[in-house]
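Commentary on secondary and tertiary structure
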Amino acid sequence: MPPMGRLGGRVALVTGAAGGIGQATARAFASDGATVTGADLRDAALTLDVTDQDSCRAAVAATVEAHGHLDVLVNVAGIGSFKRTTDVTLEEWNRTLAVNLTGTFSMCQAALPELIDRKGAIVNLASVAGLRATPYNAPYCVSKAGVVMLTKALAVEYGAQGVRVNCICPTSVDTPFLEGFEIPDDADLQLFARTGSIIGRKITPGEVAAAAVYLASDDAAMITGTALVIDGGALA
Ligand SMILES: NC(=O)c1ccc[n+]([C@@H]2O[C@H](COP(=O)([O-])OP(=O)(O)OC[C@H]3O[C@@H](n4cnc5c(N)ncnc54)[C@H](O)[C@@H]3O)[C@@H](O)[C@H]2O)c1
């Protein structure tokens, strides 16, 4: 019987798989036919710390060992918080970049040889914050702007070898992630309007997952190096 679904016969590795978007992504990939390995610091089939390059290489190796190959890497793991820049410690700055940007780089680097073999795809979770600054959020904005450019750089470098690399830029998605975002005292709340959805509700994790499935599938065969914005019209 031929593989079913848009991702039938494909193997996907999803990082941040215990979180809101990661869980939804793993589910959406599986229901479109993919075999999925979910990896996270906590509560996932595979334990992964994206800040540790050995751990990244081990996650790719374990996926290939279990399922024979790797076709899609979805980098969802991420952290963030709101703080005035004058209150951000160097440790917080470094940690945000280590997880969001360097972690994405390390996972891509570990997976690329397998993805080249399979003419596979990478989907990175960036953010609207990587395109237009959100206030009190400099480390996160910088890390996500880096993810957008990393996506483009890899798309250019590996396109001729058949690997497509795209990222998704959502505004607020309804997950536990936002609970870590405590607005500083006396913050200028008007500044948040810059990235607010016009449609007037948060994005669901499933709406982000659907975009990841699309970008990983052959429906997006000619799409690479793109930052797909899911923002309810915020940047319109
Ligand atoms: N929720 C939002 O509003 C929103 C908006 C735009 C972009 N994003 C991005 O989407 C991604 C997922 O967000 P979410 O809302 O599902 O958040 P979440 O907090 O629910 O999930 C994030 C997951 O990443 C994991 N993680 C953190 N550090 C890790 C590490 N070092 N190694 C491996 N895993 C690690 C966490 O354990 C957690 O399960 C993040 O990259 C986030 O920046 C989220």
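Look a little higher up for the structure.
We now turn to the structure provided with this report. Just so it is clear, the structure is predicted and the values come from calculations on it, not from any experiment. Once a new chain begins, its residue numbering starts again from 1 and follows that chain's sequence as written. Only residues with pLDDT of at least 70 are given local features in this predicted model, and only at 80 or more are side-chain atom pairs given and counted; all residues enter the totals for whole chains, interfaces and linings.

Some thoughts on the environment of Leu-13
- The residue Leu-13 is located in strand β1 (residues 11-15) in this model.
- Residue burial is a threshold on neighbouring C-beta atoms within 10 Å of the residue's own C-beta, all placed from the backbone, with 20 or more meaning buried, 12 or fewer meaning exposed, and counts in between meaning partly exposed. Judged by the 29 C-beta atoms lying within 10 Å of it, Leu-13 falls in the buried class.
- Residues Leu-13 and Asn-137, 124 residues apart in the sequence, show an inter-C-alpha distance of 29 Å.
- By definition, residue pairs are in contact when their C-beta atoms, positioned from the backbone, come within 7 Å. Ignoring any residue separated from it by four or fewer positions in sequence, one finds Leu-13 in contact with Thr-37, Ala-39, Ala-59, Val-60, Thr-63, Leu-70, Leu-73 and Ala-111. Runs of H or I in DSSP of at least four residues are treated as helices and runs of E of at least two as strands, each being numbered from the N terminus.

Things to note about the packing of helix α1 (residues 20-31) against helix α5 (residues 205-216)
- In this description, a line fitted to the C-alpha atoms serves as the axis of each element, helices being fitted only across the stretch in contact, and the angle between N-to-C directions of two axes falls anywhere from 0 to 180 degrees. Where α1 contacts α5, the two axes come as close as 8 Å, and the packing angle between them is 50°. With respect to α5, the axis of α1 lies oblique. The handedness of the crossing between α1 and α5 comes out as right-handed. Contact residues: Gly-20, Ile-21, Ala-24, Thr-25, Ala-28 and Phe-29 in α1; Pro-205, Gly-206, Val-208, Ala-209, Ala-210, Ala-212 and Val-213 in α5.
- Taken together, the residues of the contact of α1 with α5 break down into 10 nonpolar, 3 polar and no charged. Throughout this description, any angle smaller than 35 degrees is read as roughly parallel, any larger than 145 degrees as roughly antiparallel, any in the 65 to 115 degree range as roughly perpendicular, and the remainder as oblique. It is the rotation of the near helix from the far one that decides the hand of a crossing: anticlockwise by less than a right angle makes it left-handed, clockwise makes it right-handed. In this classification, the charged set is Asp, Glu, Lys and Arg, the nonpolar set is Ala, Val, Leu, Ile, Met, Phe, Trp, Tyr, Cys and Pro, and all remaining amino acids, among them Gly, are polar.

Considerations on the site of the ligand
- Residues are classed as near a molecule or strand if the C-beta position derived from their backbone is within 6 Å of it. Around the ligand, a shell composed of 30 residues is seen, among which Gly-16, Gly-19, Gly-78, Thr-175 and Phe-177 lie nearest.
- For the shell around the ligand, the elements supplying multiple residues, two or more each, are α1 and α3 (90-118).
- Sorting elements by how many residues they give to the shell around the ligand places α1 first, with 3 residues.
- Looking at the shell around the ligand, its residues break down into 15 nonpolar, 12 polar and 3 charged.

Examining the pairing of strand β6 (residues 164-170)
- Counted residue by residue, β6 has 7 buried out of 7 residues, so it is predominantly covered.
- With burial as the criterion, each face of β6 is covered, one bearing Arg-164, Asn-166, Ile-168 and Pro-170 and the other bearing Val-165, Cys-167 and Cys-169.
- Criterion used throughout: strands pair if DSSP finds at least two bridges between them. Sheet topology note: the strand β5 (residues 121-125)/β6 ladder contains 5 bridges and is parallel. The residue of β6 that forms the bridge with Ile-122 is Val-165.
- Crossover handedness is defined by viewing with both strands directed away from the observer: a clockwise path from the first strand over the helix to the second marks the crossover as right-handed. Taken together, β5, helix α4 (residues 138-158) and β6 constitute a β-α-β crossover, and its handedness is right-handed.
- By the bridge criterion, 4 bridges tie β6 to strand β7 (residues 227-230) in an arrangement that is parallel. Across the sheet, Cys-167 pairs through a bridge with Ala-227, a residue of β7.
- Since β6 and β7 lie parallel, the crossover through α5 that links them has a hand, and here it is left-handed.

That's the geometry; what it means functionally is another story.
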